[in-house]
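# Observations on the model geometry
Residues per chain, in single letters:
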Amino acid sequence: MAASTLGSASGPLPLCLYGLCRRRPSPGVWAGARRLPVPAGSRRSVVAASGPGASGTDRYCMELLRKRDYEGYLCSLLLPAESRSSAFALRAFNVELAQVKDMVSEKTIGLMRMQFWKKTVDDIYSDNPPHQPVAIELWKAVKRHNLTKRWLMKIIDEREKNLDDKAYRNIQELENYAENTQSSLLYLTLEILGIKDLHADHAASHIGKAQGIVTCLRATPYHGTRRRVFLPMDICMLHGVSQEDFLRKNQDKNVRDVIYDIASQAHLHLKHARSFRKSVPVKAFPAFLQTRIHKHGLCWITQVLLQNSRGSCAHGLRTVQCNTKWLLCLIGKLLK
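Read on for an overview of the structure. Only a predicted model underlies this, so the values are computations on that prediction, with no experimental measurement involved.

This part covers empty space enclosed by the protein. For the coordinates displayed, the defined rule picks out 4 cavities of 30 Å³ or more. Lining the largest cavity, in full, are Cys75, Ser76, Leu79, Ala87, Leu90, Arg91, Thr189, Pro286, Ala287, Leu289 and Gln290. When contributions to the lining of the largest cavity are tallied by element, the ones reaching two or more residues are helix 3 (70-77) and helix 4 (81-98). Take the lining of the largest cavity: its biggest share by element is 3 residues, from helix 4. Considering only residue class, the lining of the largest cavity consists of 7 nonpolar, 3 polar and 1 charged.

Shown next, in the form of structure tokens:
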């Protein structure tokens, strides 16, 4: 959809929609989750959730996820027991790739790291994983669930392209990045849950794109501290906004309109995903738990943009970054 049709921040947009998780799953889906301890921010919770028979590599993945992707960690705790360790391995793999860009000082070093993971995936499918905790756990997940190699390689390839540190030229480029990373991650999660369903795949595609867009918005304040702006250039140009406006935390209406247009595109993807809610198998719902996080994030962004006299875009996005308390409440209700 063209950026010009996405609306502006001058009028409300009903972003606070319910995602696929609106339809409550049957009690059997959460039977395994009820025995889980309430998530906490300590290492003891990681060991408890992994169970008495967990290996050191399993606990390593959980700890990495707890530190680097806390929302993903919480959502993974709610997966069925037989799928949980594989989900932790998959998300830990994603964290390893995602943090390469911030950890290296030169692109060449990042490319070498990505090449390591390409070879690692090849070795995993040759039953010869390297002695690296995430690689070992991912190999177990591949063996256990027969995961599709193509999705793993797509994540690596797209992360590798993203090492260039360039802003997205248009919203479609951002959506392609999200499809090849977030959506691929969801396809693999569905395989871990044993779901092979066309409707679930379609929903995962739209949810992954929405997640990628919202993540880009949420990361804007952080990137600004490093003097980087990755928001789609076509939408910025449409509203006459420069990267310097974001770096200076400009609060003008044009800046708010840019954020609003981008958030509106994420809203449209969530709306498309919701249209499949009656067709998606109930057992697939746990894979989409993070949809609620991003729906909540879009609500926060909208509220801030529509408050002309209070707050700034950057303040609202930072608020979204810190907002995981609601998920803890959701977990508490599900574990009752």
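A word on helix 10 (residues 198-218). Helix length check: helix 10, at 21 residues, gives a terminal C-alpha distance of 30 Å against a target of 30 Å (1.5 Å per residue), a fit within 8%. With respect to burial, helix 10 is a largely interior element, 16 of its 21 residues being buried. With a side-chain oxygen lying 3.0 Å from the backbone nitrogen of His199, the N-terminal cap of helix 10 falls on Asp197.

Let us look at the layout of surface pockets. Of the volumes computed, that of the largest pocket is approximately 1400 Å³. As for the largest pocket, its lining consists of 37 residues, and the residues nearest its centre are Arg68, Ala98, Arg159, Thr215 and Ala219. Mapped onto the lining of the largest pocket, the elements with two or more residues apiece are helix 2 (56-68), helix 3, helix 4, helix 5 (100-103), helix 9 (171-192), helix 10, helix 11 (220-225) and helix 15 (290-306). Taken together, the residues of the lining of the largest pocket break down into 13 nonpolar, 13 polar and 11 charged.

Glancing now at the packing of helix 8 (residues 149-161) against helix 9. In contact at an axis separation of 9 Å, helix 8 and helix 9 are set at 155° when each is read in the N-to-C sense. Compared by their axis directions, helix 8 and helix 9 come out roughly antiparallel. As for the relative orientation of helix 8 and helix 9, their crossing is left-handed in sense. Facing Trp151, Leu152, Lys154, Ile155, Glu158 and Arg159 of helix 8, the residues of helix 9 in contact are Asn176, Tyr177, Asn180, Thr181, Gln182, Ser184, Leu185, Tyr187, Leu188 and Glu191. When grouped by side-chain class, the residues that make up the contact of helix 8 with helix 9 number 7 nonpolar, 5 polar and 4 charged.

Contact pair helix 10 / helix 14 (residues 253-274): the axes reach a minimum separation of 8 Å and the direction vectors enclose 160°. Between helix 10 and helix 14, the angle falls in the class roughly antiparallel. Crossing angle aside, the handedness with which helix 10 passes helix 14 is left-handed. Packed against helix 10, whose contacting residues are Ala203, His206, Ile207, Lys209, Ala210, Ile213, Val214 and Leu217, the element helix 14 presents Ile259, Ile262, Ala263, Gln265, Ala266, His269, Leu270, His272 and Ala273 at the interface. For the contact of helix 10 with helix 14, the residue count by class is 12 nonpolar, 4 polar and 1 charged.

So, about the environment of Arg159. As for its position among the elements, Arg159 is in helix 8. The class of Arg159 is buried, set by a relative accessible area of 11%. With 61 residues separating them in the primary sequence, Arg159 and Ala98 have C-alpha atoms 7.0 Å apart.

All right, on to unusual backbone geometry then. Even without being a glycine, Asp127 presents a positive backbone phi close to 60°. Here Asp127 lies in the loop between helix 6 (107-124) and helix 7 (133-145). Its identity is not glycine, yet Arg227 carries a phi of approximately 55°, on the positive side. For Arg227, the position within the fold is in the loop between helix 11 and helix 12 (233-238).

This part covers helix 6. Between the first and last C-alpha of helix 6 there are 26 Å, a value that for 18 residues agrees with the 26 Å anticipated at 1.5 Å per step. Those residues of helix 6 that fall on the buried side of the exposure criterion are Gly110, Met114, Trp117, Lys118, Thr120, Val121, Asp123 and Ile124. Taken together, the buried residues of helix 6 touch helix 4, helix 5, helix 7 and helix 8.

Calculation rules
Residues numbered from 1 in each chain as written. Predicted model: local features only at pLDDT ≥ 70, side-chain atom pairs only at ≥ 80, totals over all residues. Heavy atoms only, no water. 1 Å grid on protein atoms, 1.4 Å probe; cavity = no way out; pocket = protein on both sides within 12 Å on 5 of 7 lines; lining within 4 Å. Points joined across faces, edges and corners; volume = space filled by probe spheres on them. Helix = DSSP H or I, 4+ residues; strand = E, 2+ residues; numbered from the N terminus. Nonpolar A, V, L, I, M, F, W, Y, C, P; charged D, E, K, R; others polar. Expected span 1.5 Å × (residues − 1). Buried < 20%, exposed > 50% of the residue type's maximum accessible area, 1.4 Å probe, protein only. Polar contact = N/O pair within 3.5 Å; in protein donor to acceptor, adjacent residues only side chain to side chain. Axes fitted to C-alpha atoms, helices over the stretch in contact; angles between N-to-C directions. Parallel < 35°, antiparallel > 145°, perpendicular 65-115°, else oblique. Left-handed = near helix turned anticlockwise from the far one by under 90°. Contact = heavy atoms within 4.5 Å.

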